[in-house]
Amino acid sequence: MSNKLRTVICFFRNDLRIHDNECLSWAHQHFDFVLPLYCLDPEHFKGTYHFGFPKTGFHRSKFLLESLTDLRHSLQKHGSNLIVRHEKPSVAIQELINQCSQSIAPVSSVVFQKEVCSEEIQVESSIVKICQAAKIQVKTFWGSTLFHRDDLPYAKKDIPDTYTQFRKTVEARCKVRGLTAECPTWKPLPQVENGKLGDIPSLADLKVEPVEVGRSYPDPRSAFPFAGGETSGLDRIHRYYWVSDNVAKYKETRNGLLGSEYSTKFSAWLANGSVSPRYIYHKLKEYEAERVSNQSTYWVIFELIWRDYFRFVSWKYADLIFYPGGIMGKAYPWQTNKTLFQMWCQGRTGVPFVDANMRELLYTGWMSNRGRQNVASFLVKDLNLDWRLGAEWFESLLLDHDVCSNYGNWNYSAGIGNDPRENRKFNMIKQGLDYDPEGKFVQTWVPELQRVPQGKIHVPWTLSEKESGSIGLELGVDYPTPVITAPEWSRHFHKTSAKPKDPRNAAGRGRGSKPKSGQQKGIDFYFKSGHTKS
Ligand code: FAD
């Protein structure tokens, strides 16, 4: 038996693609055999950190399985395959090392893309530990951002605290790197693994349940009707640029709420790495050179830099983004009123603009950026609830959940991030009127309000008895009375007929029941007790 041939384990994480993938290219360039591996880590299918919501909920789990199926097909086209394991990465990697140890090509290296947050770093440390014990090389690459970490014009501790300063310096002093060259020659799997690839599990295998039993998915109203995977991600980029030219009017449409075309929808593919931000950038540059370069095409890059910013801020401040006081360490008596929170989650607050957005999230895993900013502000600044409830609910449901973007944006919305200048409270009525003036978005997701006249769709509690009677809407029965009305809302309507409840009187305050670590059913959840990072 010869030890001259070498195998590398290419451990896929949030880089589920074959284009612009440095780990994959490096593996195929330097080794005789390549073992592409993905692990459905049981930790990702437990409860969220404090409140125990399903950590990878129905929508994102489905998207992930589609992404893995697509990745497997792509690798197969190149004579390779994807090994799938449903166990901790360190366990799976150890097993593969053991299996190959007696073969003609033992594992001599493990390669993966680096992440920045603590749970992901723990995974990295456990892999390093077993590799050190087995005298196996660990190689990592940075690949998740537009600007490479090593090209930043400052040290980690000096990363600017305001987005504008960050953007201006990277734009002036960094260059987006070119795409990684495609693997020149694709190396085979080592023989030992051929029979034991591992099936891509079903949602039922993962014990992931739909948010509502009996409801059909995908919801035909969804603004994100796309499948997971590199193939559909690349297709979306192509169509958004070259087929519809929608990228050329992005800046005017990006605050839309209905349909797939108002914004790029790249986020879900970016989050699990099915598309690379550099690919989006370089294809956009080609589009600008050939078709049009305008404020809209620039604005897509402007937004991608927000994504970079939150990733680098998470790198700089580590676990602070998860603390109740956030990066600023601001002490604030956050509340965890379960009744109020459930109203928010279910889209039953009685504030139509909030409810429409929250129902969209629940049933599709998608919510527009405009919607996210509003419902976050409402949770934190109107209901005074713990921002981490919202962040973990988003973590559970969002198709595009990205730990840095999600927790970074929640820090920002809660006014506890490192850039305090944008600490503003959104006015739900003004926002509804500005961005959904005809009430179409609300009517799409809150059909109970379909017959409410346009002028009152965002404030149904101001309907007179006669008006309510004529459309057959009984507030408090067919649709909730608002859980709160903020004083500033009254500037946008003239008459309030229903007396809103004071949220502070709603039942269910505080942390009660025991934590549950497994997947929860539907939107029922348990507060974990005494389990805070503070
Ligand atoms: P576009 O408007 O087309 O923007 C293009 C790309 O720029 C996006 O795909 C995204 O990668 C990036 N981007 C745009 N805005 C932001 C932003 N504010 N922060 C970071 N990146 C941005 N985005 C996520 O990708 N994952 C999350 O988990 C997430 N959680 C959020 C939570 C809250 C409370 C808020 C207010 C925003 C959150 N965002 C998150 C940011 C933003 O809402 C989404 O990136 C955007 O709505 C995705 O739609 P799109 O791809 O069509 O975006």
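Thresholds, definitions, all that
- Starting afresh in each chain, residues are numbered from 1 along the sequence in its written order.
- Side-chain atom pairs in this predicted model are given and counted only at pLDDT of 80 or more, local residue features only at pLDDT of at least 70, and totals for whole chains, interfaces and linings cover all residues.
- Neither water nor hydrogens contribute to the side-chain values; these are computed over all heavy atoms in the structure.
- For helices the rule is a DSSP run of H or I covering at least 4 residues; for strands it is a run of E covering at least 2, with both sets numbered from the N terminus onward.
- Each residue is placed in one exposure class: buried if its accessible area under a 1.4 Å probe, protein chains only, is under 20% of its type's maximum, exposed if it is over 50%, and partly exposed if it falls in between.
- The contact criterion used is simple: two residues touch if any of their non-hydrogen atoms lie within 4.5 Å.
- Exposure was quantified through the Shrake-Rupley algorithm and a 1.4 Å probe, taking into account, for residues, occlusion by the shown protein chains and nothing else.
- We treat Lys and Arg as the positive residues and Asp and Glu as the negative residues; His and chain ends play no part in the count.
- Taken as the charge centre is NZ of Lys, CZ of Arg, CG of Asp or CD of Glu, depending on the residue.
- Under the convention used throughout, the expected extent of a helix is 1.5 Å for every residue step, that is, one less than its residue count.
- Here a cavity denotes a set of grid points, spaced 1 Å apart and computed over the protein atoms alone, in which a 1.4 Å probe fits but from which it cannot get out, and a pocket denotes an open set meeting protein on both sides within 12 Å along at least five of seven lines; residues with an atom within 4 Å of a point are reported as lining.
- Grid points are joined across faces, edges and corners, and a volume is the space filled by probe spheres set on the points.
- Throughout, the edges of the domains are those of an automatic or database domain assignment.
- By convention, the term buried area covers the 1.4 Å-probe accessible surface removed from two parts as they join, with the contributions of both added.
- Salt bridges are defined as contacts in which a side-chain nitrogen from Lys or Arg sits within 4 Å of a carboxyl oxygen from Asp or Glu.
- Distances are taken per atom, and a residue is near a molecule or strand as soon as one of its heavy atoms is within 4 Å of it.
- Polar contacts here mean pairs of N or O atoms no more than 3.5 Å apart (in protein, one a potential hydrogen donor and the other a potential acceptor; neighbouring residues in sequence count only if both atoms are side-chain atoms).
- Whether a molecule lies in a cavity or pocket depends on its atoms, and more than half of them have to be within 2 Å of the grid points.

Secondary structure assignment for the protein yields 18 helices and 5 strands. Along the longest, intermediate and shortest principal axes, the C-alpha atoms of the protein span 90 × 55 × 45 Å. Within the protein, buried positions represent 58% of all 534 residues. Residue pairs at least 24 apart in sequence account for 79% of intrachain contacts in the protein once pairs closer than 6 positions are excluded. Here the protein displays about 21,900 Å² of accessible surface, and carbon together with sulfur accounts for 51% of that area. Considering the protein, the positive charge centre built from 70 side chains and the negative charge centre built from 58 side chains are found 3 Å apart.

Below, the discussion takes up helix α13 (residues 369–382). Taking 1.5 Å as the rise per residue, α13 with 14 residues should run 20 Å; its terminal C-alpha atoms sit 19 Å apart, in good agreement. Burial analysis of α13 places 11 of its 14 residues in the buried class, the great majority of the element. Residues Arg370, Gly371, Arg372, Asn374, Val375, Ala376, Ser377, Phe378, Leu379, Val380 and Asp382 constitute the buried set of α13. Buried residues belonging to α13 abut α11 (338–346), α12 (352–364), α14 (387–397), α15 (403–413) and α16 (428–435). With its phi angle positive at about 55 degrees, Asn384 sits one or two positions after the end of α13.

Evaluated as defined, the whole model comprises 3 cavities of 30 Å³ or more. When its volume is computed, the largest cavity comes out at roughly 60 Å³. Along its surface, the largest cavity is lined by 14 residues, and Asn14, Gln113, Ser144, Leu270 and Arg307 are the ones closest to its centre. Elements with a contribution of two residues or more to the lining of the largest cavity: α8 (267–271) and α10 (295–317). Of the residues that make up the lining of the largest cavity, three or more belong to each of domain 1 (7–141) and domain 2 (144–180 + 229–319).

Moving on, we get to the environment of His238. Secondary-structure assignment places His238 in helix α6 (residues 230–243). The sequence separation of His238 and Ile280 amounts to 42 residues, and the corresponding C-alpha distance is 9.6 Å.

With that settled, consider the domain arrangement of the protein. Taken as a whole, the protein is organised into domain 1 (7–141), domain 2 (144–180 + 229–319) and domain 3 (338–505). A separation of 39 Å is found between the C-alpha centroids of domain 1 and domain 3. Each partner contributes residues to the interface: domain 1 has 16 residues there, and domain 3 has 19 residues. For the domain 1 and domain 3 pair, buried surface summed over both sides reaches about 1,300 Å², with 61% attributable to carbon and sulfur atoms.

Inspection of the entire model under this criterion finds 32 salt bridges. Where Asp151 meets Arg177, a salt bridge forms, and the shortest distance between an N and an O atom there is 2.8 Å. In this pair, Asp151 is assigned in the loop between β5 (137–141) and α5 (163–173) and Arg177 in the loop between α5 and α6, connecting sequence segments 26 residues apart. Overall, Asp151 belongs to the partly exposed group, its relative accessible area being 25%. Given a relative accessible area of 30%, Arg177 falls into the partly exposed group. Overlapping salt bridges, with partners in common, bring together Glu212, Arg215, Asp219 and Arg221 in one network.

We now examine the site of the ligand. Inspection of the region around the ligand gives 25 residues, with Tyr250, Ser263, Thr264, Lys265 and Asn369 positioned closest. Taking Thr264, its side chain carries an N or O atom lying 2.6 Å from an oxygen atom of the ligand. Between the ligand and Lys265 there is a distance of 2.7 Å, counted from an oxygen atom to a backbone nitrogen or oxygen. Summarising the interface, the protein chains cover 97% of the accessible area of the ligand, which totals 820 Å² for the free molecule. Here the ligand occupies the largest pocket.

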